[in-house]
Amino acid sequence: MKKTAIATALALSAGLSGAANADFLGFTVGANNWQQEFSGTVRSGAIGDTVDIENDLGYSDDEGNNNFYVAFEHPVPLIPNVMLARTELEVSAENTLTKSFDFEGVSFSVSDDIRSTADLTHTDLTLYYEILDNWVSLDIGFTLRSFEEGFTLTSSTESAELSIDGTLPMFYVGAKFELPFSGLYVIANGNWISYDDDTIMDYKAALGYESSIGLGVEIGMRSFELEYEDDEEYADLTIDGMYAGVFYHF
């Protein structure tokens, strides 16, 4: 999957190398707070059972995590623009189990008090070209997304960990629609990759305002969806919620 995705991403980069970029130099730095709600199921191990992260592990409340990013745009046509972002995607919970299950070869029993952490925090390096650059902006490129953590389950006597540690290439597309004479805009962007039955989608839509000095605010909705399955591991997760942030464009 990784070899196919990387080859496709490189082909996309080559095909876009003659596309137009921004007609000026620009830097943007920003930070968001994302109120995340985790839902879905996971399974791990040759004889592992399906675990519902809400009903079995107790993930029910919104979790506020942060996103930080910096972007650089330039007028050189053959060189892509660059955006670097880090998204915190972590939630922990404590719950008393109402069923027994195996996870990563470890058995957890009914009435065990269990503490769990789901951590899909990641760092993105996005290379993109600006296809349109007027009151409508359109960006196309690809992202290298690096995951660092995974899932951890701990009871008073047992502990199990499923590590998610690797870098995944994803397609990137973004669009921005500026509302005339107001400083207001609507934005939508996302990353996506799919191969066989495995899919990752991460997308957002928002309303924003940028002042004449480059200081701005943004509020919207973001969703991260993961579907993954092989012989011993399975995940079907959705993490979504509202976000709000500030940025400075100079």
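Residues numbered from 1 in each chain as written. Predicted model: local features only at pLDDT ≥ 70, side-chain atom pairs only at ≥ 80, totals over all residues. Heavy atoms only, no water.

Enquirer: Looking at this model, I keep getting lost on the overall build of the protein chain. Mind explaining?
Expert: Counting its regular elements, the protein chain contains one helix and 17 strands. The buried share of the protein chain, taken over its 250 residues, is 43%. Long-range pairs, those at least 24 residues apart, make up 64% of the contacts in the protein chain between residues at least 6 apart in sequence. (Helix = DSSP H or I, 4+ residues; strand = E, 2+ residues; numbered from the N terminus. Buried < 20%, exposed > 50% of the residue type's maximum accessible area, 1.4 Å probe, protein only. Contact = heavy atoms within 4.5 Å.)

Enquirer: Just to check I follow, could you spell out a nonpolar patch on the surface for this structure?
Expert: A surface patch of nonpolar side chains, about 1100 Å² in accessible area, is lined by Trp135, Phe177, Leu179, Leu184, Val186, Leu207, Tyr209, Val217, Ile219, Met221, Met242 and Val246. Where the nonpolar patch is concerned, the elements lending two or more residues are β14 (184-195), β15 (198-210), β16 (215-229) and β17 (233-249). Its location among the elements puts Val246 in strand β17. (Patch = residues over 30% accessible without salt bridge, like charges linked within 9 Å, V, L, I, M, F, W, Y side chains within 5 Å. Areas by Shrake-Rupley, 256 points an atom, 1.4 Å probe, with all protein chains shown as cover. Salt bridge = Lys/Arg side-chain N within 4 Å of Asp/Glu carboxyl O.)

Enquirer: When you look at the confidence of the model for the protein chain in this model, what are you seeing that I'm missing?
Expert: The predicted model of the protein chain averages 87 in pLDDT, with 90% of residues at 70 or higher. When mean pLDDT is taken per element in the protein chain, strand β4 (residues 81-87) scores highest with 97 and helix α1 (residues 2-16) scores lowest with 46. Note on residues 1-18: pLDDT is under 50 here. Beyond four places in sequence and across chains, it has 26 contacts. (pLDDT = per-residue confidence, 0-100.)

Enquirer: What should I look at first to understand unusual backbone geometry in this one?
Expert: Leaving glycine aside, a negative phi is the common case for residues, and trans is the common case for peptide bonds. For Ser111, which is not a glycine, the phi torsion comes out positive at approximately 80°. Its relative accessible area of 52% is what places Ser111 among the exposed residues. Despite not being glycine, Phe181 has its phi angle at roughly 60°, a positive value. Tracing the chain through its elements places Phe181 in the loop between β13 (166-178) and β14.

Enquirer: Teacher, can you tell me more about the layout of surface pockets here?
Expert: Empty space left among the atoms is revealed by rolling a probe the size of a water molecule over them. In this structure, the largest pocket occupies an estimated 1000 Å³ of space. In this structure, the largest pocket is lined by 45 residues; those nearest its centre are Glu73, Asp139, Lys176, Ile187 and Asn189. For the lining of the largest pocket, the element with the highest residue contribution is β14, accounting for seven residues. Of the residues assigned to the lining of the largest pocket, the class counts are 17 nonpolar, 15 polar and 13 charged. What the second largest pocket holds in volume is close to 550 Å³. Elements with a minimum of two residues in the lining of the second largest pocket: β1 (26-44), β12 (159-163), β13, β15, β16 and β17. Ranked by residue count, the leading element in the lining of the second largest pocket is β16, at four residues. A breakdown of the residues in the lining of the second largest pocket according to their chemical character gives 15 nonpolar, five polar and six charged. (1 Å grid on protein atoms, 1.4 Å probe; cavity = no way out; pocket = protein on both sides within 12 Å on 5 of 7 lines; lining within 4 Å. Points joined across faces, edges and corners; volume = space filled by probe spheres on them. Nonpolar A, V, L, I, M, F, W, Y, C, P; charged D, E, K, R; others polar.)

Enquirer: What's the story with the packing of aromatic side chains in this structure? I'm lost.
Expert: Given two aromatic rings, one states the distance between the centres and the angle between the planes to describe the pair. According to the stated counting rule, one finds seven aromatic pairs in the structure shown. Put simply, the rings of Phe27, Phe72, Tyr248 and Phe250 touch in pairs and so form one group of aromatic residues. The ring of Tyr185 has Lys176 lying over it, and the distance from NZ or CZ to the ring centre is 4.5 Å. (Phe/Tyr/Trp six-rings, centres within 6.5 Å; stacked < 30°, edge-to-face > 60°. Lys NZ or Arg CZ within 6 Å of the ring centre and 35° of its normal.)

Enquirer: Is there a simple way to think about the nonpolar core in this case?
Expert: Across soluble globular proteins, you tend to see nonpolar side chains buried next to one another. If you look at the biggest cluster of nonpolar residues, it comprises 39 residues, and the most contacted ones within it are Val42, Tyr59, Phe101, Phe103, Phe108, Phe224 and Leu237. For Leu237, the contacting residues outside a window of four places in its chain are Ser39, Gly40, Thr41, Val42, Ile53, Leu120, Phe151, Phe224, Glu225 and Leu226. (Core = buried A, V, L, I, M, F, W, Y, C linked by side-chain atoms within 4.5 Å.)

Enquirer: When you look at the side chain of Glu218 in this model, what are you seeing that I'm missing?
Expert: Along the polypeptide, Glu218 turns up in strand β16. A polar contact is formed between the side chain of Glu218 and the side chain of Tyr185, at a distance of 2.6 Å. (Polar contact = N/O pair within 3.5 Å; in protein donor to acceptor, adjacent residues only side chain to side chain.)

Enquirer: Just checking my understanding: could you explain the sheet that holds β12 for this structure?
Expert: In any sheet, the strands associate via hydrogen bonds between backbone groups, in a parallel or an antiparallel arrangement. Spatial strand order, β5-β8-β11-β12: four strands in an open sheet with antiparallel pairing. Pairing within the sheet leaves two strands with one partner each, and these edge strands are β5 (90-96) and β12. Across the sheet, the axes of successive neighbouring strands diverge by a mean angle of 10°, strand direction being ignored. Note that strand β11 (residues 150-154) and β12 share five bridges and pair antiparallel. Residue pairing across strands places Thr154 opposite Ser159, the latter belonging to β12. (Pairing = 2+ DSSP bridges. Axes fitted to C-alpha atoms, helices over the stretch in contact; angles between N-to-C directions.)

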